[in-house]
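Geometric and topological summary
Spelled out, the chains give:
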Amino acid sequence: MTLGKNFRLPLDTKPTSYRAVLRIDLAEGRFDGTLEIDLTLQQPRTAIHLHAVDLTLTDATAIVAGRTIAAADRRVDAESETVTLDFGQSLPAGPTLLKLQWNGKFSPGLRGLYRAGGLAVTQFEAADARRVFPCFDEPAFKARWEITLDDVPT
């Protein structure tokens, strides 16, 4: 099933803050990271949709009311540039902590994370954060970000 090019993320799942650790391997043109997203679910959900382009999610869990629930399935939809995390059970309305691990490659053009000489750079122009982080990459989802770069050569 495809969600379609004009798919918008459901408005009943709201991120409030992100805490990301990003590790960049400049020599290999790759990166990986861990991310915690504080969410508020306005109604129970069995699945959470995020934006992600050319990223591989290696782990996804939700922590709700002290319980850790692993995503039973992760479905990528290239056309809508999303990944759907299916938890196989209902996550209740209220606060939820989503914990993710992922990896990706540098982009060949000027989108996402790319090489500029000996540097890794990004512009995060419209809808390009999803090329580096699995996230809610639409204007309706404003949230605070804390980003840590790990293992940066000096």
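Look up a bit, the structure's there.
Residues numbered from 1 in each chain as written. Predicted model: local features only at pLDDT ≥ 70, side-chain atom pairs only at ≥ 80, totals over all residues. Heavy atoms only, no water.

1. Examining the packing of aromatic side chains
Across all of its chains, the model carries 4 aromatic pairs by this definition. With a centroid separation of 5.8 Å and an interplanar angle of 55°, the aromatic rings of tryptophan 102 and phenylalanine 133 are classed as tilted. You can see tryptophan 102 sitting in strand β8 (residues 94-105) and its partner phenylalanine 133 sitting in the loop between β10 (119-121) and β11 (144-150), a full 31 residues away along the chain. Pair check on accessibility: tryptophan 102 and phenylalanine 133 agree, each one buried. (Phe/Tyr/Trp six-rings, centres within 6.5 Å; stacked < 30°, edge-to-face > 60°. Helix = DSSP H or I, 4+ residues; strand = E, 2+ residues; numbered from the N terminus. Buried < 20%, exposed > 50% of the residue type's maximum accessible area, 1.4 Å probe, protein only.)

2. Section: the pattern of salt bridges
Under the defined criterion, the tally for this structure stands at 13 salt bridges. Residue arginine 19 pairs with glutamate 36 through a salt bridge whose shortest N-O separation is 3.1 Å. A residue pair is termed long-range when its members are at least 10 positions apart, and arginine 19 in strand β1 (residues 13-25) and glutamate 36 in strand β2 (residues 30-41) qualify at 17 residues. The class of glutamate 36 is partly exposed, set by a relative accessible area of 25%. The partner of arginine 131 in a salt bridge is aspartate 128, with the nearest N and O atoms 3.0 Å apart. A cluster of three or more residues bridged by salt bridges with shared partners is formed by Glu81, Arg111, Asp128, Arg130, Arg131 and Asp137. (Salt bridge = Lys/Arg side-chain N within 4 Å of Asp/Glu carboxyl O.)

3. Some points on the nonpolar core
Counting 35 residues, the largest nonpolar core has Ile37, Leu50, Leu85, Phe87, Leu98, Leu100 and Phe136 as the members making the most contacts within it. At the level of secondary structure, the elements contributing two or more residues to this core comprise β1, β2, β3 (45-51), β4 (55-64), β7 (82-91) and β8. Discounting chain neighbours no more than four positions away, the residues touching isoleucine 37 are Pro15, Ser17, Tyr18, Leu50, Thr96, Leu97, Leu98, Leu100, Pro134 and Phe136. (Core = buried A, V, L, I, M, F, W, Y, C linked by side-chain atoms within 4.5 Å. Contact = heavy atoms within 4.5 Å.)

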